Amino acid sequence: MQAKAELVTDLVLEGGGVKGIGLVGAMLPMAEAGYAFPRVAGTSAGAIVGSVLAALQQYGDPVSRLADIVRTLDYTRFRDRGFPGKYLGPLAFLADGVAVLFEDGAYEGDYLEDWVSGVLADLDVRTFGDLRTDDPGDDGGIHHRYSLAVTVSDISRKRLVKLPWDYRDYGLDPDEQKVSAAVRASASIPFFFEPVTLKGSRGTSTLVDGGLLSNFPISIFDRLDENPPRWPTLGIRLDAFGIESKEPVEPVRGPVSMGLAVVQTSIEGSQAEHVLDPCNLARSVNVETGEIGAIDFDITEEQQNMLLAAGRRAGERFLTTWDYQRWLRECRDVP
(Lines give C-alpha, C1' and ligand atoms only; values in the text may rest on other atoms or scores of the structure.)
Protein backbone atom coordinates (compact mmCIF):
# COMPACT_ATOMS: atom_id res chain seq x y z
CA MET A 1 0.00 0.00 0.00
CA GLN A 2 1.43 3.39 -0.98
CA ALA A 3 1.95 6.01 1.70
CA LYS A 4 -0.24 9.09 1.51
CA ALA A 5 2.73 11.25 0.49
CA GLU A 6 3.20 9.11 -2.62
CA LEU A 7 -0.36 9.53 -3.87
CA VAL A 8 0.40 12.14 -6.52
CA THR A 9 -0.67 12.20 -10.15
CA ASP A 10 -0.95 14.68 -12.98
CA LEU A 11 -4.41 14.50 -14.51
CA VAL A 12 -5.70 14.75 -18.10
CA LEU A 13 -9.42 15.30 -18.69
CA GLU A 14 -11.15 14.51 -21.98
CA GLY A 15 -13.64 16.82 -23.64
CA GLY A 16 -17.28 15.82 -23.79
CA GLY A 17 -19.68 18.73 -23.43
CA VAL A 18 -22.36 18.26 -20.78
CA LYS A 19 -20.91 14.85 -19.96
CA GLY A 20 -18.09 16.65 -18.17
CA ILE A 21 -19.70 16.08 -14.78
CA GLY A 22 -18.64 12.45 -15.21
CA LEU A 23 -15.04 13.68 -14.97
CA VAL A 24 -15.80 15.10 -11.54
CA GLY A 25 -17.32 11.84 -10.35
CA ALA A 26 -14.24 9.88 -11.45
CA MET A 27 -11.72 12.07 -9.67
CA LEU A 28 -13.60 12.21 -6.36
CA PRO A 29 -12.51 8.69 -5.27
CA MET A 30 -8.91 9.66 -6.06
CA ALA A 31 -9.16 12.78 -3.90
CA GLU A 32 -10.81 10.78 -1.11
CA ALA A 33 -7.96 8.26 -1.30
CA GLY A 34 -5.50 11.08 -0.68
CA TYR A 35 -4.30 11.89 -4.19
CA ALA A 36 -2.98 15.35 -5.04
CA PHE A 37 -2.98 16.71 -8.61
CA PRO A 38 0.03 19.01 -9.20
CA ARG A 39 -0.87 19.58 -12.86
CA VAL A 40 -4.16 19.27 -14.71
CA ALA A 41 -4.78 19.38 -18.47
CA GLY A 42 -8.09 19.37 -20.25
CA THR A 43 -9.91 19.92 -23.49
CA SER A 44 -13.32 21.60 -23.82
CA ALA A 45 -15.39 20.26 -20.89
CA GLY A 46 -12.15 18.89 -19.49
CA ALA A 47 -10.69 22.41 -19.61
CA ILE A 48 -13.69 23.76 -17.68
CA VAL A 49 -13.46 21.12 -14.95
CA GLY A 50 -9.66 21.24 -14.93
CA SER A 51 -9.53 25.00 -14.46
CA VAL A 52 -11.79 24.80 -11.40
CA LEU A 53 -9.79 21.88 -9.98
CA ALA A 54 -6.49 23.73 -10.41
CA ALA A 55 -7.93 26.87 -8.80
CA LEU A 56 -9.38 24.93 -5.86
CA GLN A 57 -6.00 23.38 -5.13
CA GLN A 58 -4.22 26.72 -5.51
CA TYR A 59 -6.69 28.30 -3.09
CA GLY A 60 -6.36 25.43 -0.64
CA ASP A 61 -9.97 24.27 -0.79
CA PRO A 62 -10.90 20.57 -0.81
CA VAL A 63 -11.43 18.88 -4.17
CA SER A 64 -14.81 17.69 -2.86
CA ARG A 65 -16.15 21.21 -3.54
CA LEU A 66 -15.72 20.59 -7.25
CA ALA A 67 -19.00 18.69 -7.63
CA ASP A 68 -21.06 21.46 -6.04
CA ILE A 69 -19.37 24.15 -8.13
CA VAL A 70 -19.81 22.36 -11.44
CA ARG A 71 -23.45 21.70 -10.64
CA THR A 72 -24.05 25.48 -10.65
CA LEU A 73 -23.59 25.48 -14.44
CA ASP A 74 -26.91 26.20 -16.14
CA TYR A 75 -26.48 24.24 -19.36
CA THR A 76 -29.62 25.73 -20.92
CA ARG A 77 -27.84 29.09 -20.97
CA PHE A 78 -25.10 27.72 -23.23
CA ARG A 79 -27.46 28.51 -26.12
CA ASP A 80 -26.91 32.25 -25.71
CA ARG A 81 -28.04 33.56 -29.08
CA GLY A 82 -27.10 37.01 -30.23
CA PHE A 83 -29.19 39.42 -32.34
CA PRO A 84 -31.73 38.68 -33.73
CA GLY A 85 -32.09 35.13 -32.38
CA LYS A 86 -32.57 36.09 -28.74
CA TYR A 87 -35.63 38.16 -29.65
CA LEU A 88 -37.41 35.50 -31.72
CA GLY A 89 -38.69 33.32 -28.88
CA PRO A 90 -39.67 29.82 -30.04
CA LEU A 91 -38.61 30.71 -33.59
CA ALA A 92 -35.06 31.55 -32.53
CA PHE A 93 -33.70 28.41 -34.20
CA LEU A 94 -34.42 30.08 -37.54
CA ALA A 95 -31.62 32.53 -36.85
CA ASP A 96 -29.03 29.86 -36.03
CA GLY A 97 -28.06 29.23 -39.64
CA VAL A 98 -27.75 32.97 -40.24
CA ALA A 99 -25.51 33.30 -37.18
CA VAL A 100 -23.29 30.50 -38.44
CA LEU A 101 -23.08 32.18 -41.84
CA PHE A 102 -22.21 35.67 -40.57
CA GLU A 103 -20.63 35.07 -37.15
CA ASP A 104 -19.22 31.53 -37.62
CA GLY A 105 -21.24 30.15 -34.70
CA ALA A 106 -24.87 29.85 -33.63
CA TYR A 107 -24.22 30.95 -30.03
CA GLU A 108 -22.17 33.67 -28.37
CA GLY A 109 -20.41 31.63 -25.67
CA ASP A 110 -20.50 34.56 -23.25
CA TYR A 111 -22.31 32.67 -20.49
CA LEU A 112 -19.63 29.99 -20.41
CA GLU A 113 -16.74 32.44 -20.18
CA ASP A 114 -18.51 34.59 -17.57
CA TRP A 115 -19.25 31.52 -15.43
CA VAL A 116 -15.64 30.32 -15.55
CA SER A 117 -14.32 33.82 -14.87
CA GLY A 118 -16.60 34.28 -11.86
CA VAL A 119 -15.82 30.89 -10.31
CA LEU A 120 -12.06 31.34 -10.72
CA ALA A 121 -12.15 34.91 -9.37
CA ASP A 122 -13.82 33.62 -6.21
CA LEU A 123 -10.75 31.39 -5.82
CA ASP A 124 -8.31 34.25 -6.50
CA VAL A 125 -7.35 32.97 -9.95
CA ARG A 126 -7.60 35.25 -12.96
CA THR A 127 -4.50 34.87 -15.12
CA PHE A 128 -2.16 31.95 -15.74
CA GLY A 129 0.39 33.77 -13.62
CA ASP A 130 -1.81 32.81 -10.65
CA LEU A 131 -1.31 29.15 -11.56
CA ARG A 132 2.44 29.23 -12.10
CA THR A 133 4.35 26.60 -10.14
CA ASP A 134 7.89 26.20 -8.88
CA ASP A 135 8.99 22.58 -9.29
CA PRO A 136 12.78 22.11 -8.92
CA GLY A 137 12.47 18.47 -10.02
CA ASP A 138 10.82 19.12 -13.39
CA ASP A 139 12.48 18.43 -16.73
CA GLY A 140 13.17 22.10 -17.44
CA GLY A 141 10.33 22.49 -19.94
CA ILE A 142 7.50 25.02 -19.76
CA HIS A 143 4.99 22.16 -19.71
CA HIS A 144 5.88 21.56 -16.05
CA ARG A 145 5.64 25.19 -14.92
CA TYR A 146 1.88 25.74 -14.69
CA SER A 147 -0.72 23.75 -12.78
CA LEU A 148 -3.18 24.01 -15.69
CA ALA A 149 -2.93 23.46 -19.43
CA VAL A 150 -5.73 23.51 -21.99
CA THR A 151 -5.70 22.48 -25.64
CA VAL A 152 -7.02 24.70 -28.41
CA SER A 153 -7.16 24.31 -32.19
CA ASP A 154 -5.73 27.28 -34.10
CA ILE A 155 -7.44 26.87 -37.47
CA SER A 156 -5.64 29.91 -38.89
CA ARG A 157 -2.25 28.28 -38.35
CA LYS A 158 -3.58 24.72 -38.75
CA ARG A 159 -2.08 23.50 -35.49
CA LEU A 160 -2.80 22.34 -31.97
CA VAL A 161 -2.07 24.98 -29.34
CA LYS A 162 -1.37 24.23 -25.68
CA LEU A 163 -2.11 27.15 -23.41
CA PRO A 164 -0.53 28.87 -21.56
CA TRP A 165 2.69 27.36 -22.93
CA ASP A 166 2.22 28.46 -26.55
CA TYR A 167 1.24 32.08 -25.87
CA ARG A 168 4.91 32.90 -26.48
CA ASP A 169 4.45 31.90 -30.13
CA TYR A 170 1.97 34.77 -30.41
CA GLY A 171 4.33 37.26 -28.77
CA LEU A 172 2.30 37.21 -25.56
CA ASP A 173 3.34 36.78 -21.93
CA PRO A 174 1.66 33.57 -20.65
CA ASP A 175 1.42 34.93 -17.11
CA GLU A 176 -0.74 37.87 -18.22
CA GLN A 177 -3.37 35.87 -20.15
CA LYS A 178 -6.82 35.23 -18.67
CA VAL A 179 -7.53 31.62 -17.79
CA SER A 180 -11.25 32.01 -18.59
CA ALA A 181 -10.45 33.17 -22.15
CA ALA A 182 -8.29 30.10 -22.79
CA VAL A 183 -11.00 27.80 -21.41
CA ARG A 184 -13.61 29.51 -23.58
CA ALA A 185 -11.41 28.94 -26.63
CA SER A 186 -10.86 25.29 -25.74
CA ALA A 187 -14.64 24.77 -25.54
CA SER A 188 -15.53 26.63 -28.75
CA ILE A 189 -17.31 23.80 -30.57
CA PRO A 190 -17.13 24.78 -34.27
CA PHE A 191 -20.43 26.03 -35.71
CA PHE A 192 -22.04 25.84 -32.26
CA PHE A 193 -20.11 28.62 -30.46
CA GLU A 194 -18.58 31.63 -32.12
CA PRO A 195 -14.81 31.06 -32.35
CA VAL A 196 -12.33 33.05 -30.28
CA THR A 197 -9.81 35.38 -31.91
CA LEU A 198 -6.31 35.83 -30.56
CA LYS A 199 -4.20 38.78 -31.66
CA GLY A 200 -0.51 38.01 -31.78
CA SER A 201 2.70 39.32 -33.27
CA ARG A 202 2.01 37.55 -36.60
CA GLY A 203 -1.63 38.58 -36.95
CA THR A 204 -4.99 37.39 -35.63
CA SER A 205 -5.71 33.68 -35.21
CA THR A 206 -9.07 31.96 -35.02
CA LEU A 207 -9.29 29.47 -32.15
CA VAL A 208 -11.81 26.66 -31.76
CA ASP A 209 -12.37 23.54 -29.66
CA GLY A 210 -9.14 21.73 -28.81
CA GLY A 211 -10.93 18.42 -29.31
CA LEU A 212 -10.78 18.96 -33.05
CA LEU A 213 -7.09 18.00 -32.93
CA SER A 214 -6.56 16.43 -29.50
CA ASN A 215 -9.51 15.61 -27.31
CA PHE A 216 -7.50 13.49 -24.88
CA PRO A 217 -3.87 14.72 -24.67
CA ILE A 218 -2.80 11.95 -22.30
CA SER A 219 0.96 12.41 -22.93
CA ILE A 220 0.95 16.17 -22.37
CA PHE A 221 2.93 16.09 -19.10
CA ASP A 222 5.29 13.21 -19.94
CA ARG A 223 8.92 14.07 -19.22
CA LEU A 224 11.07 15.12 -22.17
CA ASP A 225 14.40 14.24 -20.59
CA GLU A 226 15.89 10.80 -19.89
CA ASN A 227 14.72 10.61 -16.28
CA PRO A 228 11.80 8.37 -15.23
CA PRO A 229 8.61 10.14 -14.14
CA ARG A 230 8.38 10.93 -10.43
CA TRP A 231 4.65 10.26 -10.50
CA PRO A 232 2.13 9.10 -13.12
CA THR A 233 -0.12 10.99 -15.46
CA LEU A 234 -3.63 9.54 -15.34
CA GLY A 235 -6.43 10.34 -17.74
CA ILE A 236 -10.21 10.33 -17.49
CA ARG A 237 -12.26 9.57 -20.60
CA LEU A 238 -15.98 10.00 -21.13
CA ASP A 239 -16.53 7.23 -23.65
CA ALA A 240 -15.10 3.88 -24.61
CA PHE A 241 -14.32 2.84 -28.17
CA GLY A 242 -16.34 -0.09 -29.40
CA ILE A 243 -19.53 0.89 -27.55
CA GLU A 244 -22.15 1.25 -30.23
CA SER A 245 -25.19 3.45 -29.59
CA LYS A 246 -28.55 1.68 -29.65
CA GLU A 247 -30.35 4.82 -30.77
CA PRO A 248 -31.85 4.73 -34.30
CA VAL A 249 -29.70 6.27 -37.01
CA GLU A 250 -31.13 9.39 -38.63
CA PRO A 251 -29.83 11.69 -41.40
CA VAL A 252 -28.06 14.92 -40.44
CA ARG A 253 -29.86 18.03 -41.67
CA GLY A 254 -29.19 21.75 -41.41
CA PRO A 255 -25.93 23.74 -41.28
CA VAL A 256 -25.51 23.61 -37.50
CA SER A 257 -26.23 19.89 -37.19
CA MET A 258 -24.04 19.14 -40.18
CA GLY A 259 -21.14 21.14 -38.78
CA LEU A 260 -21.41 19.52 -35.36
CA ALA A 261 -21.62 16.03 -36.85
CA VAL A 262 -18.48 16.63 -38.91
CA VAL A 263 -16.62 17.95 -35.86
CA GLN A 264 -17.67 15.05 -33.62
CA THR A 265 -16.70 12.51 -36.28
CA SER A 266 -13.31 14.19 -36.66
CA ILE A 267 -12.74 14.15 -32.90
CA GLU A 268 -13.50 10.46 -32.55
CA GLY A 269 -11.45 9.43 -35.59
CA SER A 270 -8.35 11.53 -34.93
CA GLN A 271 -7.70 10.30 -31.42
CA ALA A 272 -8.36 6.57 -31.78
CA GLU A 273 -4.76 5.46 -32.35
CA HIS A 274 -3.08 7.05 -29.33
CA VAL A 275 -6.04 6.44 -27.01
CA LEU A 276 -5.96 2.72 -27.83
CA ASP A 277 -2.23 2.39 -27.15
CA PRO A 278 -2.02 -0.26 -24.38
CA CYS A 279 0.12 1.94 -22.13
CA ASN A 280 -2.36 4.80 -22.44
CA LEU A 281 -5.32 2.51 -21.88
CA ALA A 282 -3.69 1.26 -18.70
CA ARG A 283 -3.49 4.78 -17.24
CA SER A 284 -6.97 5.89 -18.28
CA VAL A 285 -10.25 5.86 -16.37
CA ASN A 286 -13.17 5.13 -18.70
CA VAL A 287 -16.53 6.60 -17.69
CA GLU A 288 -19.55 5.07 -19.42
CA THR A 289 -21.89 7.97 -20.23
CA GLY A 290 -24.75 6.05 -21.83
CA GLU A 291 -26.77 7.79 -24.51
CA ILE A 292 -26.24 11.34 -23.25
CA GLY A 293 -24.76 13.49 -26.01
CA ALA A 294 -22.12 16.19 -25.66
CA ILE A 295 -24.54 18.98 -26.59
CA ASP A 296 -27.64 17.72 -24.76
CA PHE A 297 -27.95 21.03 -22.96
CA ASP A 298 -31.44 20.16 -21.74
CA ILE A 299 -29.85 17.55 -19.47
CA THR A 300 -31.96 16.87 -16.38
CA GLU A 301 -30.84 16.80 -12.77
CA GLU A 302 -31.43 13.06 -12.77
CA GLN A 303 -29.11 12.63 -15.75
CA GLN A 304 -26.45 14.76 -14.08
CA ASN A 305 -26.67 12.56 -10.99
CA MET A 306 -26.32 9.52 -13.22
CA LEU A 307 -23.15 10.90 -14.83
CA LEU A 308 -21.68 11.78 -11.45
CA ALA A 309 -22.41 8.28 -10.15
CA ALA A 310 -21.02 6.65 -13.31
CA GLY A 311 -17.83 8.65 -12.91
CA ARG A 312 -17.48 7.64 -9.27
CA ARG A 313 -17.93 3.95 -10.13
CA ALA A 314 -15.30 4.22 -12.85
CA GLY A 315 -12.84 5.96 -10.53
CA GLU A 316 -13.32 3.41 -7.77
CA ARG A 317 -12.94 0.53 -10.22
CA PHE A 318 -9.73 2.00 -11.63
CA LEU A 319 -8.13 2.43 -8.21
CA THR A 320 -8.63 -1.24 -7.37
CA THR A 321 -6.43 -2.35 -10.29
CA TRP A 322 -4.02 0.55 -10.90
CA ASP A 323 -0.38 -0.42 -10.26
CA TYR A 324 2.03 2.40 -11.02
CA GLN A 325 5.18 0.34 -10.48
CA ARG A 326 3.96 -2.28 -12.92
CA TRP A 327 3.11 0.42 -15.45
CA LEU A 328 6.65 1.84 -15.13
CA ARG A 329 8.16 -1.58 -15.77
CA GLU A 330 5.98 -2.38 -18.76
CA CYS A 331 5.69 1.04 -20.37
CA ARG A 332 8.83 2.96 -19.37
CA ASP A 333 11.33 0.10 -18.91
CA VAL A 334 11.98 1.18 -15.31
CA PRO A 335 13.15 -1.80 -13.24
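Residues numbered from 1 in each chain as written. Predicted model: local features only at pLDDT ≥ 70, side-chain atom pairs only at ≥ 80, totals over all residues. Heavy atoms only, no water.

## Points about the side chain of D139
Take D139: it is sitting in the loop between α5 (110–122) and β4 (148–154). Buried within the structure, D139 lacks any salt-bridge partner; R223 is the closest side chain of opposite charge, at an N-O distance of 5.3 Å. Of the polar contacts made by the side chain of D139, one reaches the side chain of H144; its length is 3.4 Å. There is a polar contact of 2.8 Å between the side chain of D139 and the backbone nitrogen of L224. Non-local contacts of D139, meaning those with residues more than four positions away in its chain, are made with H144, D222, R223, L224 and D225. (Helix = DSSP H or I, 4+ residues; strand = E, 2+ residues; numbered from the N terminus. Buried < 20%, exposed > 50% of the residue type's maximum accessible area, 1.4 Å probe, protein only. Lys, Arg positive; Asp, Glu negative; His and termini not counted. Salt bridge = Lys/Arg side-chain N within 4 Å of Asp/Glu carboxyl O. Polar contact = N/O pair within 3.5 Å; in protein donor to acceptor, adjacent residues only side chain to side chain. Contact = heavy atoms within 4.5 Å.)

## A few points about the environment of T197
Structurally, T197 is set in strand β7 (residues 196–200). Taking the C-alpha atoms as reference, T197 lies 8.9 Å from V208; in sequence the two are 11 residues apart.

## Description of the packing of helix α2 (residues 45–59) against helix α6 (residues 179–186)
One way to put it is that α2 packs onto α6 with a least axis distance of 8 Å and a crossing angle of 155°. Taken together, the axes of α2 and α6 are roughly antiparallel relative to one another. When the axes of α2 and α6 are compared, the crossing they make is right-handed. Together, A47, I48 and S51 of α2 and V179, V183 and S186 of α6 make up the contact between the two elements. A class-by-class count of the residues in the contact of α2 with α6 yields 4 nonpolar, 2 polar and no charged. (Axes fitted to C-alpha atoms, helices over the stretch in contact; angles between N-to-C directions. Parallel < 35°, antiparallel > 145°, perpendicular 65-115°, else oblique. Left-handed = near helix turned anticlockwise from the far one by under 90°. Nonpolar A, V, L, I, M, F, W, Y, C, P; charged D, E, K, R; others polar.)

## Notes on empty space enclosed by the protein
Throughout the structure, instances matching the rule amount to 1 cavity of 30 Å³ or more. Its volume calculated, the largest cavity comes out at about 140 Å³. G17, V18, A45, I48 and F78 are the residues nearest the centre of the largest cavity, which is lined by 17 residues in total. In terms of residue count, α2 provides more of the lining of the largest cavity than any other element does, 3 residues in total. Here the lining of the largest cavity is composed, by residue class, of 14 nonpolar, 3 polar and no charged. (1 Å grid on protein atoms, 1.4 Å probe; cavity = no way out; pocket = protein on both sides within 12 Å on 5 of 7 lines; lining within 4 Å. Points joined across faces, edges and corners; volume = space filled by probe spheres on them.)

## Concerning the state of the cysteines
Scanning all chains against the criterion turns up 1 disulfide. Here C279 is linked by a disulfide to C331, with a sulfur-sulfur distance of 2.1 Å. Torsion about the S-S bond of the C279 and C331 cystine: about -95°, corresponding to left-handed handedness. Of this pair, C279 sits in helix α8 (residues 278–282) while C331 is found in helix α10 (residues 324–332), placing the two residues 52 residues apart along the sequence. For the pair shown, C279 and C331 are each scored as buried. (Disulfide = S-S within 2.5 Å.)

## Comments concerning the nonpolar core
Residues L11, L66, W115 and I236 are the most contacted members of the largest nonpolar core, which totals 89 residues. Considering each element in turn, this core owes the most residues, 8 residues, to α2. Excluding its chain neighbours within four sequence positions, the residues that come into contact with L66 are V24, M27, V49, V52, L53 and L56. (Core = buried A, V, L, I, M, F, W, Y, C linked by side-chain atoms within 4.5 Å.)

## What to know about the confidence of the model for the protein chain
Overall, the prediction assigns the protein chain a mean pLDDT of 86, with 81% of residues at 70 or greater. The secondary-structure element of the protein chain with the lowest mean pLDDT is helix α4 (residues 96–103), recorded at 57, while α6 shows the highest, at 98. In this model, residues 1–5 is a region of pLDDT below 50 whose contacts with residues beyond four sequence positions or in other chains number 5 contacts. Note on residues 241–245: pLDDT under 50 across the span, and 7 contacts to partners over four residues away in sequence or across chains. (pLDDT = per-residue confidence, 0-100.)

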